[in-house]
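# Survey of secondary and tertiary structure
Single-letter residue listing:
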Amino acid sequence: MAAPVMDKKVAVPAAPTKLTMGKAINMGLRAAMERDPKVLVMGEDVGKMGGVYRITDGLQKDFGEHRVLDTPLSESGIVGTAVGLAVRGFRPVCEIQFEGFIFPAFDQISSQVAKLHYRTQGMLKLPLVIRVPFGGGVGAVEHHSESPEAYFAHMPGIKVVSCANPVDAYWMIQQAIDSDDPVIFFEPKRRYHEKAEIDTDATPYPLFKSRVVRPGTTATLASYGPLVKTCLDAATAAAEDGQDLEVIDLRTLSPLDLDPVFESVRRTGHLVVASEAPGEVSIASEIADRVQRECFYSLEAPVLKVTGFDTPYPPSKVEEEYLPDLDRVLDAVDRSLAW
Amino acid sequence: MSSPEQWTHPEPGGGPAATAAKPTPEQVIAGLRATNEGGAELVELLTPEGERVANPEFDKYVDDIGAEQLRGLYRDMVLVRRADREGNALQRQGQLGIWVPLLGQEAAQIGAGRALKPQDMAFPSYREHGVAWCRGIKPEQILATFRGTQHSEWDPVQHRFHPYTIVIGNQVVNAAGYAMGQRFDGKVGNEPDAEATMVFFGDGATSQGDVHEGFVWAAVYDAPVVFYCQNNQWAISEPTERQSRLPLYQRARGYGFPGIRVDGNDVLACLAVSRWALEECRTGNGPVLIEAFTYRMDAHTTSDDPTRYRLSDELEAWKLKDPIERVRVHLVRSGMAEPEFFDEVQVEADQLASELRAYCFNMPDPPAERIFSKVYAGGNPVLDQQRDEYLDYLAGFEGGAH
């Protein structure tokens, strides 16, 4: 599958030293809107307020109220009208304010967004993006810390991606907007303030591909979104003990691109999958299934999952216990190596 | 069942409220049924007896409907009814998995469908065979859905008629969004290419959150969308009284746009009111809610048994309001049609039914590849592998046949 082509150069603010992931998404949205007048941004508080996380800051001021829509408080309405707008020829980018609020829109996503292309055998395309800040670790109240990505990865007809660093955030949001398939774009909210330098002249990495972000030989860590950084930190810590961990950022959850994982596991023989979501019937369990099928004779230990527990997201004063951290990841690596 | 008179509200400032007995559910339903009767609020241009009645407000919207045009509306309704009856028969013969009959709603659909201009967009529910007819979709194209060979066969862009929507109310929000797009594209105003959207749903759908959200969105964005509710009195077995305490068209007031009730069995009135509403939208006055007050004469679908939940008296009463018969009587009495015309339409209807039947019998089943076809616009390697493996598996059978 060809990566979406970025053929037009986009104006970039002078001297982009280091940018946060939040700002990177903002710049990505801006670039997409400048390139294509059919790109709309819509959601609750995305206009004057710039979004509760300020991801859409300044866009309404520069592009106007018909390009950046402060919408009614109506998630089914946001996604449902985006369907109509997409059918009309627009490319809407919806913001769901927090992942726990996506469920009123679940009907529209599963019944319409995911199926219109299939139902009409390609006569209708749904080039819309649903941005969803997700995950915990920010000390929030209920419905503001969940990881519902498996529901959507289970849904044929939509694609699901998650960025883990500012560089990917900048490019992936633009690629998602360029995609003719509907994309759910999960943003790790607790990493919004992570910084990195972005080369806007670089050739972007393809959207629906996973990527080795730290090569290694001892064992493989696969993760996505907020836990990629946790895994990288774990690998740094393990290096002090003489372990050389390979870290893979999955980036795309549907379709899952597991070829780099297979290749890595064939070398290391050990795989630990880390995710904040409950582990049962999850992205992590899907990976475990496919890896045991593809790499059966290479595995030195079962695929281990380090995930959130199979509970509703807990009160935030115990979320540090709930969320997989560096120690839990390293513990799993040790268990795998000791098998 | 108790009469509505037995349930009375205490007068404000009158007797102590505590003395008023709480109404039983039966009393509530009886009272609500009263609010749902047609009465003076109903726009009607052609009575059930076939009399043309003057209406100073809406007559001008059907000034151009002379004898030829009225005969055309009659023909539309007869042909659509005939195709619909054929759909029922084909289901009974095992040729279709299910059929969704429109019997009784021909006027509501042809009136609205003929009010649409080519550039307008229509979003149907799943019973809109009459509207589909007006959008140039052949009855054959609808069969695929109910036979199970395709989900939606027609090209929604070419016909400007969205795929049928099965999930109740989803299409109302989608239509509001499409209409917002028409406005953003500058297609609202007095120019001849101005556009509007019309979305179709039933009385049951008005209980869905999506319909509420569609109303809110259309209102706050002045979206040029006509909400066309065919109140056919029954949502499968649930009566309109289970959806609302108010006549449905009155809900529009709460959203800040006009609501109007039309005799849904009067094709002329449905045409006039729909034209008015679409014009309101095209010129930029924002949404309109039309409640076409009609009756579903047949089952909800061929899987349904309406004798379990409604009285035959009700059916008999509505038969007297038949949408086709009143036009026929009017055409005859006013000398606008000769007997030969009715014979010709009958022959045409029989021909249509025969073609529909032949088409149905000859529809090929799709190949197994269809399962995997066009799930994604940009492909999906995981799915491609799954398809290849399954087709290889099938090819392993003797002769590779499947």
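Residues numbered from 1 in each chain as written. Chains lettered and ligands numbered in written order. Predicted model: local features only at pLDDT ≥ 70, side-chain atom pairs only at ≥ 80, totals over all residues. Heavy atoms only, no water.

In this approach a probe as big as a water molecule rolls over the atoms, and the regions it shows empty are the leftover space. Residues and elements named next belong to chain B. As enumerated under the stated definition, the model contains three cavities of 30 Å³ or more in all. Of the volumes computed, that of the largest cavity is approximately 100 Å³. If you trace the largest cavity, you find 13 residues lining it, with Val80, Ala83, His129, Pro139 and Ile142 closest to the centre. The set of elements that each furnish at least two residues to the lining of the largest cavity consists of helix H2 (67-92), helix H4 (129-134) and helix H5 (139-147). The dominant element in the lining of the largest cavity, judged by the number of residues it contributes, is H2, at four residues. (1 Å grid on protein atoms, 1.4 Å probe; cavity = no way out; pocket = protein on both sides within 12 Å on 5 of 7 lines; lining within 4 Å. Points joined across faces, edges and corners; volume = space filled by probe spheres on them. Helix = DSSP H or I, 4+ residues; strand = E, 2+ residues; numbered from the N terminus.)

Residue and element names in this part refer to chain A. Domain boundaries in chain A define domain 1 (17-198) and domain 2 (211-338). Each partner contributes residues to the interface: domain 1 has 27 residues there, and domain 2 has 24 residues. When the two sides are added together, the surface that domain 1 and domain 2 hide from each other amounts to roughly 1900 Å², 53% of it contributed by carbon and sulfur. At the junction of domain 1 and domain 2, the tally comes to three salt bridges. Between Arg190 and Glu276 there is a salt bridge whose closest N-O contact spans 2.4 Å. Where domain 1 packs against domain 2, one counts 11 residue pairs in polar contact (both at pLDDT 80 or more). When contributions to the side of domain 1 that touches domain 2 are tallied by element, the ones reaching two or more residues are helix H6 (149-153), strand S6 (159-162) and helix H7 (166-178). Here the element with the most residues in the side of domain 1 that touches domain 2 is S6; it accounts for four residues. Of the residues assigned to the side of domain 1 that touches domain 2, the class counts are 12 nonpolar, eight polar and seven charged. (Domains from an automatic or database assignment. Contact = heavy atoms within 4.5 Å. Buried area = accessible area lost by both parts, 1.4 Å probe. Salt bridge = Lys/Arg side-chain N within 4 Å of Asp/Glu carboxyl O. Polar contact = N/O pair within 3.5 Å; in protein donor to acceptor, adjacent residues only side chain to side chain. Nonpolar A, V, L, I, M, F, W, Y, C, P; charged D, E, K, R; others polar.)

Under the counting rule described, the total for this entry stands at 39 aromatic pairs over all chains. With 6.3 Å between their ring centres and 70° between their planes, Phe161 of chain B and Tyr164 of chain B make a pair best called edge-to-face. Using a relative accessible area of 4% as the deciding quantity, one classes Tyr164 of chain B as buried. Each residue in the set Phe103, Phe106, Phe134, Tyr151, Phe152 and Phe186 of chain A is aromatic and connected to the rest through ring pairs, giving one cluster. Directly above the aromatic system of Phe208 of chain A lies the positively charged group of Lys159 of chain A, at a separation of 4.6 Å from the ring centroid. When the ring centre of Phe341 of chain B is taken as reference, the NZ or CZ atom of Arg71 of chain B above it lies at 5.9 Å. (Phe/Tyr/Trp six-rings, centres within 6.5 Å; stacked < 30°, edge-to-face > 60°. Buried < 20%, exposed > 50% of the residue type's maximum accessible area, 1.4 Å probe, protein only. Lys NZ or Arg CZ within 6 Å of the ring centre and 35° of its normal.)

Residue and element names in this part refer to chain B. As for its placement among the helices and strands, Thr294 is situated in the loop between strand S8 (288-293) and helix H11 (312-319). At 2.6 Å, the side chain of Thr294 and the side chain of Asn265 are in polar contact. Residues within four places of Thr294 in sequence aside, it is in contact with Gly104, Gln105, Gln230, Asn231, Asn232, Gln233, Gly264, Asn265 and Trp318.

Summarizing the sequence annotation, UniProt attributes the feature "domain: Dehydrogenase E1 component" (unreviewed entry) to residues 75-351 of chain B in the numbering used throughout. Segment residues 75-351 of chain B splits into 45% helix and 11% strand. End C-alpha atoms: 13 Å apart. (UniProt positions renumbered as here; feature names shortened; annotations may be inferred.)

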